[in-house]
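The residues making up each chain are set out below.
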Amino acid sequence: MSIALIASFLLLGACTGFAAGLLGLGGGMLLVPFITMLLTMHGFPPDDIVKMAISTSLATILFTSLSSVRAHARHGAVRWPIVRSLTPGIIIGTILGAHVASLLPGSLLAIGFGLFVGAMATQMFLHRPIRSARTLPGSAGMIGAGGAIGVLSALVGAGGGFLTVPFLTRSNVPIHQAVATSAACGFPIALAGTLGYILAGWERDLPAGAIGYIYLPALATIAVTSVLTAPLGARVAHATSVDRLRRLFALLLYVLAAYMMWHGLVGTFGGSA
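Nothing here was measured: the structure is a model prediction, and the numbers come from that model.

Parameters and conventions
- Residues numbered from 1 in each chain as written.
- Predicted model: local features only at pLDDT ≥ 70, side-chain atom pairs only at ≥ 80, totals over all residues.
- Heavy atoms only, no water.
- Helix = DSSP H or I, 4+ residues; strand = E, 2+ residues; numbered from the N terminus.
- Buried < 20%, exposed > 50% of the residue type's maximum accessible area, 1.4 Å probe, protein only.
- Contact = heavy atoms within 4.5 Å.
- Areas by Shrake-Rupley, 256 points an atom, 1.4 Å probe, with all protein chains shown as cover.
- Salt bridge = Lys/Arg side-chain N within 4 Å of Asp/Glu carboxyl O.
- Polar contact = N/O pair within 3.5 Å; in protein donor to acceptor, adjacent residues only side chain to side chain.
- Expected span 1.5 Å × (residues − 1).
- Patch = residues over 30% accessible without salt bridge, like charges linked within 9 Å, V, L, I, M, F, W, Y side chains within 5 Å.
- Core = buried A, V, L, I, M, F, W, Y, C linked by side-chain atoms within 4.5 Å.

(A) Inspection of the overall build of the protein at higher detail. The helix and strand tally for the protein stands at 10 helices and two strands. In the protein, the succession of helices and strands from N to C terminus is α-α-α-α-α-α-α-α-β-β-α-α. Relative to its 273 residues, the protein shows a buried fraction of 49%. Partitioning the intrachain contacts of the protein with sequence separation of at least 6 by distance along the chain shows that 81% fall at a separation of at least 24. Of the roughly 12,400 Å² of accessible surface on the protein, 70% is carried by carbon and sulfur atoms.

As structure tokens, then:
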């Protein structure tokens, strides 16, 4: 791997960690498009690029979720019984999602990711409050909810907060507990997703440094810098108008969504992914 690519991954990790600390968001919406760009520029196998970006993004959550959960747990905000109820479905759904992603063309995954990020950007830009309308379901409902969260997280390389937090807040879980509990759910999502993508890509002829679809050099460099800059983002958040920054970040997400859509359409109609 070239020095330029290492430097790019280090910078990407720093920016992603800062954004996560500033806005309380997972890094997948940033990591997947930028990893896709970098791997494309360096001539990686076209149909594997998006799968490697998604799986590597998921793997970074193994590290970032641990530091986040420790911070939330110190304040007693994590609802561990909810985590235990969601985890079986999360594990099954995430492994299933990784397997499904491995079977799909990279171009289709890119288009799907672009649509997802566009929807998340719209939600962030409008920033409408979530209304509580029900209580948490029973065991079967929690397993089903965990399964849905796991499948979608595996398909887009995210830690599940985009689904877990709205699900919990609509079920009358206070927002700070919903965020903390979602962070705790990020670890089983990342663990199952990492294992699922390793197994799914085990027999693929991928570039040196890859284990399954996980690109280890990107994982190592991004994880180090993102963990270092996340606390800085959190400190800045307390001295800045986060609502204005949230809208600016949403505009960036629209650009990234457009890039992923373009990348996928070129792969579909132009012969590369």
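(B) Structural view of the pattern of salt bridges. Using the criterion set out here, one finds two salt bridges in the structure. A salt bridge links Asp47 to Lys51; the shortest N-O distance between them is 3.5 Å. Of this pair, Asp47 and Lys51 both sit in helix H3 (residues 46-74), four residues apart, roughly one helical turn. A relative accessible area of 3% means that Lys51 is categorised as buried. Between Asp48 and Arg204 there is a salt bridge, with its nearest N and O atoms 2.8 Å apart. Highlighted residues: Asp48 in helix H3 and Arg204 in the loop between helix H8 (175-200) and strand S1 (210-211), separated in sequence by 156 residues.

(C) Just the side chain of Ser102, in detail. For Ser102, the position within the fold is in helix H4 (residues 80-103). Residue classification places Ser102 among the buried residues on the basis of a relative accessible area of 14%. A polar atom in the side chain of Ser102 sits 2.6 Å from the backbone oxygen of His99.

(D) The arrangement of helix H5 (residues 106-126) in detail. The first and last C-alpha atoms of H5 sit 30 Å apart over 21 residues, in line with the 30 Å expected at 1.5 Å per residue. Once H5 ends, the next one or two residues include His127, with phi positive near 50°.

(E) Seen up close, a nonpolar patch on the surface. A surface patch of nonpolar side chains, amounting to about 440 Å² of accessible area, comprises Phe125, Leu126, Leu248, Leu251 and Tyr254. Counting only elements with at least two residues in the nonpolar patch, the list comes to H5 and helix H10 (242-270). The greatest single-element share of the nonpolar patch, amounting to three residues, is contributed by H10. If you trace the backbone, Leu126 turns up in helix H5.

(F) A look at the nonpolar core. Counting 71 residues, the largest nonpolar core has Phe9, Ile35, Leu39, Leu86, Tyr197, Tyr215 and Leu253 as its most contacted members. At 10 residues, H3 tops the list of elements feeding residues into this core. If near-sequence neighbours (up to four positions away) are discounted, Leu86 is found in contact with Met142, Ala145, Gly146, Thr164, Phe167 and Cys185.

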